[in-house]
Protein chains: 2
Amino acid sequence: MNIDELTFDEQGLIAAVVQDAVSKEVLTLAYMNKESLQKTIDTKETWFYSRSRQELWHKGETSGHTQQVTDIRYDCDQDALVVLVVPSGPACHEGTYSCFSHSLLGEKKEGRTDRFRILNLLEETIAT
Amino acid sequence: MNIDELTFDEQGLIAAVVQDAVSKEVLTLAYMNKESLQKTIDTKETWFYSRSRQELWHKGETSGHTQQVTDIRYDCDQDALVVLVVPSGPACHEGTYSCFSHSLLGEKKEGRTDRFRILNLLEETIAT
């Protein structure tokens, strides 16, 4: 499979579901253009395209919370990706393990899904 | 959280990552408009908006392979959903458990992730 065979949308983007390769939790839904996908394949770390800032971003470049890529899957329509990663820290800019930490149906599940919760607590404890 | 607080795009859609609540495999990336999300919440089965057919679709209406919703999560930007489901059959119109059954990096993982593989094999054996 060549990445040229994937279907990028009219903005040149493809949706990328980022999933923890071990816990299987969905961490983030982000977007890649062809260049960021190629960088992801080459470096085995996640690179995305920011629709708001209109630029490439290397996840973890500022925070240090990079994501090591173990596999990339594409769907039957070849217009969406699942990127399996081993995260080195929280996926979310809000500091949570996953960006999907709130339930629309009113159930809070963060406590059960936050792999880094104990580390965050430890960090807070040390800092105070 | 009210669904009116979610951010739908200029087409009135929000991306919905459908994930098996038990195996945690990502099954499909689909899109919902406000009406299909409300139907999903009300019926506890997945309803999507087909961008190609420009109409609502109730997953499993034709195939019988409905998806029972156990939770819906939204992300930090409130512009993407993870819908946790218990599927009653393959998610993919190609008959596979997940739409993401091919690896871009050349690794085939279908055998390990296809919950229904043994049933498909059994069906094929009985049919031949």
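Shown above is the structure to which this text applies.
What you see is a predicted model, and the numbers here were worked out from it, not measured in a lab.

A. Examining the pairing of strand β2 (residues 26-33) of chain B more closely. Residue and element names in this part refer to chain B. Within β2, 8 of the 8 residues are buried, leaving the element largely enclosed by the surrounding structure. Across 7 bridges, the pairing between strand β1 (residues 13-20) and β2 is antiparallel. Paired with Leu 13 across the bridge in β2 is Asn 33. Between β1 and β2, which pair antiparallel in sequence order, lie 5 residues; one of them, Lys 24, sits at a positive phi of approximately 70 degrees.

B. Seen up close, the interface of chain B and chain A. Residue-level contacts link 40 residues of chain B with 40 residues of chain A. Interface area, chain B with chain A, both sides summed: about 3,500 Å², of which 63% is carbon and sulfur. The largest per-residue losses of area from chain B upon contact with chain A belong to Arg 73, Phe 100 and Leu 104 of chain B, which jointly make up 22% of the total buried on that side. Viewed at the interface, chain A and chain B are joined by 6 salt bridges. Glu 25 of chain B is the partner of Arg 73 of chain A in a salt bridge, and the nearest nitrogen-oxygen pair spans 3.5 Å. Breaking the side of chain B that touches chain A down by element, the ones donating at least two residues are β1, β2, α1 (34-43), β5 (67-74), β6 (80-87) and β7 (102-103) of chain B. Residue contributions to the side of chain B that touches chain A peak at 5 residues, all from β5 of chain B. Bridge count for strand β7 (residues 102-103) of chain A against β5 of chain B is 2 bridges, and the pairing is antiparallel. Looking at β5 of chain B, one finds that Ser 103 of chain A is bridged to Arg 73 of chain B.

About the criteria used
- Residues numbered from 1 in each chain as written.
- Chains lettered and ligands numbered in written order.
- Predicted model: local features only at pLDDT ≥ 70, side-chain atom pairs only at ≥ 80, totals over all residues.
- Heavy atoms only, no water.
- Buried < 20%, exposed > 50% of the residue type's maximum accessible area, 1.4 Å probe, protein only.
- Helix = DSSP H or I, 4+ residues; strand = E, 2+ residues; numbered from the N terminus.
- Pairing = 2+ DSSP bridges.
- Contact = heavy atoms within 4.5 Å.
- Buried area = accessible area lost by both parts, 1.4 Å probe.
- Salt bridge = Lys/Arg side-chain N within 4 Å of Asp/Glu carboxyl O.

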